[in-house]
Amino acid sequence: MNLFDLERAKAFIRDGDDFLLVTHVQPDGDAVSSLLAAGLLLESLGKRHTPVIGDRVPGRLRFLAGSGSIRTATPGETPERLHDRVIALDCADFSRIGPAAAWCAPGARLLNIDHHPTNDGFGDVTLIRPDASATAEILYELVGAMGVPWSRELAECIYTGILTDTGGFRYQNTTPAAHRIASEMLERGADGSRIAERLLERLSHSHVLLLKRALATLSFDAGNRISWLTVTRADMEETEAKAEDLEGLVNYSRNIEGVEVGILFKEVDEGKVKVSLRSAGTVDVAAFAKSFGGGGHVRAAGVTLHMPLPEAVRTIVGALRGLMA
Ligand code: 5GP
Ligand code: MN
């Protein structure tokens, strides 16, 4: 099966006139940007679309044009209608769509556009390229392949997806193509400094309060090669933090000299812990996360464990210690 089937992807879009656009829960910059870019592409082609996410759009991404029209799917709700043509963006597997899955009609046809190496190839047509810096980079290609005219809004979406998924052009996925496309997006009107100020510089009050608490939990194992932080529900409540305030916290453990794997344990609920894993390069955290039912990229992966926080820490740190021995 051709994982990057541009011809079939184009046909999938050409042959439909009404699409549901979905991305993963806890959406990041690439997820929201790719969703909006796909919407702009469909609009240019005169097609209807409904963008929906199983979470609210993080406040810092609401400067993106069109983000106000993204619908929020909530668990257990009855969607106003079911869609039979779906485009999933930046989702490594179907379950990442979360409650938005309820908006898909049974037997809906699905186009899967993604860059995660752990993508399981779900859907009827796939446009998956693990060497793409961001899903937004694949959208860039699709825009070109379908002859869609560029606008400043579209350029800002593509630029934002690449900027955020490369960590501001710092991670390993910062390829020559990422820079070339970003450069072209600046030429097409993207305001690079405004986007960077909003997404890389500005810190919310609650984020900094949460960071202060998280750093107080900083711990080490395996001769300081494993480092982690924990965040409890009480931390979230008392700092009035939102999910988006967690972004970047895990890097404080990963960035420490000598640390090979940095981890953030986030207590989602009593007995439910979201684990974020970041590797300095020697450990494949995607494979590690996959062995617990999660996934992601070689250097950035995640998994949700159904157990209390202390047990999640023991389980993950113990398994990693064994792996790294
Ligand atoms: P984060 O730690 O920022 O939530 O996620 C890091 C990377 O791992 C992202 O690329 C994300 O898509 C992936 N990831 C995080 N949690 C999960 C999960 O539960 N399942 C899968 N398949 N991927 C995940
Ligand atoms: Mn991405």
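Before reading on, note that the structure itself is shown above.
(A) Spotlight on the pairing of strand S2 (residues 48-53). With five bridges connecting them, strand S1 (residues 18-23) and S2 associate as parallel partners. Bridging from a neighbouring strand, Leu-20 pairs with Thr-50 of S2. Here S2 runs beside strand S3 (residues 71-72); their pairing, made up of two bridges, is parallel. Looking at the pairing, Val-52 lines up with Arg-71 of S3.

(B) How the structure looks around the pattern of salt bridges. Enumeration according to the criterion identifies 20 salt bridges in this entry. For Arg-129, the salt bridge goes to Asp-131, with nearest N and O atoms at 2.8 Å. For Asp-131, a relative accessible area of 53% gives the class exposed. A salt bridge links Arg-233 to Asp-269, with the shortest nitrogen-to-oxygen separation between them at 3.7 Å. Residue Arg-233 is found in helix H8 (residues 233-238), and its partner Asp-269 is found in strand S9 (residues 261-269); the two are separated by 36 residues along the sequence. Given a relative accessible area of 29%, Arg-233 falls into the partly exposed group.

(C) Region of interest: the site of ligand 1. By nearness alone, 14 residues border ligand 1, and His-116, Lys-274, Ser-276, Arg-278 and His-297 come closest of all. In this structure, an oxygen atom belonging to ligand 1 sits 2.7 Å away from a side-chain N or O atom of Ser-276. Contact distances for ligand 1 include 2.7 Å between an oxygen atom and a side-chain N or O atom of Arg-278. Here ligand 1 loses 82% of its free accessible area of 490 Å² to cover by the protein chains. Of all the elements in the fold, those that place two or more residues in the shell around ligand 1 are strand S10 (272-279), strand S11 (295-296) and strand S12 (300-305). Ranked by the residues each element gives to the shell around ligand 1, the list is headed by S12, at four residues. Looking at side-chain class alone, the shell around ligand 1 contains three nonpolar, seven polar and four charged residues.

The rules behind the values
- Residues numbered from 1 in each chain as written.
- Chains lettered and ligands numbered in written order.
- Predicted model: local features only at pLDDT ≥ 70, side-chain atom pairs only at ≥ 80, totals over all residues.
- Heavy atoms only, no water.
- Pairing = 2+ DSSP bridges.
- Helix = DSSP H or I, 4+ residues; strand = E, 2+ residues; numbered from the N terminus.
- Salt bridge = Lys/Arg side-chain N within 4 Å of Asp/Glu carboxyl O.
- Buried < 20%, exposed > 50% of the residue type's maximum accessible area, 1.4 Å probe, protein only.
- Near = heavy atom within 4 Å.
- Polar contact = N/O pair within 3.5 Å; in protein donor to acceptor, adjacent residues only side chain to side chain.
- Areas by Shrake-Rupley, 256 points an atom, 1.4 Å probe, with all protein chains shown as cover.
- Nonpolar A, V, L, I, M, F, W, Y, C, P; charged D, E, K, R; others polar.

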